[in-house]
Amino acid sequence: MSRGFVKESDQEEPIVIPPRASLPDNEINYVTPHGIELLNEEKISLEKQRVEIEVKDETERRRELSLIDGKLKLLIERLKTAQIIEPKSQNQNEVRFGSTVKFKMNGNLQEFKIVGVDEANIKQKKIAFRSPLAKAITSKKEGDKFDFKLGEERRPIEIISIKY
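All of these numbers come straight from a predicted model, not from anything done at the bench. (Residues numbered from 1 in each chain as written. Predicted model: local features only at pLDDT ≥ 70, side-chain atom pairs only at ≥ 80, totals over all residues. Heavy atoms only, no water.)

A. Examining the UniProt feature "domain: Transcription elongation factor GreA/GreB C-terminal" (unreviewed entry) in the protein more closely. Under the local residue numbering, the UniProt record ascribes the feature "domain: Transcription elongation factor GreA/GreB C-terminal" (unreviewed entry) to residues 91-164. This span, residues 91-164, is 8% helix and 46% strand, and a straight line between its end C-alpha atoms measures 10 Å. (UniProt positions renumbered as here; feature names shortened; annotations may be inferred. Helix = DSSP H or I, 4+ residues; strand = E, 2+ residues; numbered from the N terminus.)

This is how it looks when you write it as structure tokens:
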């Protein structure tokens, strides 16, 4: 049937599935042991939501199921590609994935943990291993001083401590 004969009220808005944190093709999906736990908890939560949908209207129910199914599909794909890195297995003398790094930037003391893209949360002081800052401090040792280029600006960084 031609679209010209369909009532506007019968047309559904397409479901927009929110994308997961960016991870380019061919990039290894590193996760911490805590990160994989969080992903598995998210999967259980989505599966529970799917079973417990209480929407009576069939159109809304179908839309809600589509949204949950879309999120689950993206999450399952992320879980399939997850490569767990045990922080304790890393070189303890330098900044690596899973480390918590205390450093001075422009004289200000800061601390971040380097984690996977899905676990990253700046409010919890967790940055993704792909972030420019994480890339800049990876392989550095306590006491190392270097310039971090941020656009046209250069910021001096000094590594104070590394914990795993």
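That shown, we press on.
B. Inspection of helix H1 (residues 33-51) at higher detail. Counted at 1.5 Å a residue, the expected span for H1 with its 19 residues is 27 Å, and the 28 Å between its end C-alpha atoms agrees. Those residues of H1 lying buried are Gly 35, Ile 36, Leu 39 and Leu 46. Down the axis, H1 shows its buried residues gathered within 100° of arc, on one side only. Along H1, the residues that are exposed and aim more than 90 degrees away from the buried face are Ile 44, Lys 48 and Val 51. Among the structural elements, strand S1 (29-31), helix H2 (58-81) and strand S2 (82-84) are those in contact with the buried residues of H1. (Expected span 1.5 Å × (residues − 1). Buried < 20%, exposed > 50% of the residue type's maximum accessible area, 1.4 Å probe, protein only. Arc of directions from axis to C-beta. Contact = heavy atoms within 4.5 Å.)

C. Quick peek at a negative patch on the surface. Together, Asp 57, Glu 58, Glu 60 and Glu 64 make up a region of like negative charge exposed at the surface. Looking at the secondary structure, you find Glu 58 in helix H2. (Patch = residues over 30% accessible without salt bridge, like charges linked within 9 Å, V, L, I, M, F, W, Y side chains within 5 Å. Areas by Shrake-Rupley, 256 points an atom, 1.4 Å probe, with all protein chains shown as cover. Salt bridge = Lys/Arg side-chain N within 4 Å of Asp/Glu carboxyl O. Lys, Arg positive; Asp, Glu negative; His and termini not counted. Charge placed at Lys NZ, Arg CZ, Asp CG, Glu CD.)

D. Highlighting the side chain of Arg 78. For Arg 78, the position within the fold is in helix H2. Polar side-chain contacts of Arg 78 include one of 2.9 Å to the backbone oxygen of Ala 21. Those residues in contact with Arg 78 that lie beyond four places of it in its chain are Arg 20, Ala 21, Leu 23, Asn 29, Val 117 and Asp 118. (Polar contact = N/O pair within 3.5 Å; in protein donor to acceptor, adjacent residues only side chain to side chain.)

E. Structural context of the pattern of salt bridges. Considering all chains together, one arrives at 11 salt bridges under this definition. Lys 141 serves as the salt-bridge partner of Glu 94, at 3.0 Å between the closest nitrogen and oxygen. Taken as a pair, Glu 94 in the loop between S2 and strand S3 (100-105) and Lys 141 in the loop between helix H3 (132-137) and strand S6 (145-150) lie far apart in primary sequence, 47 residues in all. For Lys 141, a relative accessible area of 39% puts it in the partly exposed group. For Glu 119, the salt bridge identified is with Lys 126, shortest N-O distance 3.3 Å.

F. Region of the structure containing the pairing of S6. Pairing between S6 and strand S7 (residues 153-163): 6 bridges, direction antiparallel. Of the residues in S7, the one forming a bridge with Lys 149 is Arg 154. Linkage of S6 to S7, two consecutive antiparallel strands, is achieved through a turn of 2 residues, within which Gly 151 is found at a positive phi near 70°. (Pairing = 2+ DSSP bridges.)

G. Structural view of H2. Taking 1.5 Å of rise per residue, 24 residues should cover 34 Å, and H2 covers 35 Å from first to last C-alpha, within 8% of that figure. Taken together, the buried positions of H2 are occupied by Leu 65, Ile 68, Gly 70, Leu 72, Leu 75, Arg 78 and Leu 79. Looking at the buried positions of H2, the neighbouring elements they touch are S1, H1 and S2.

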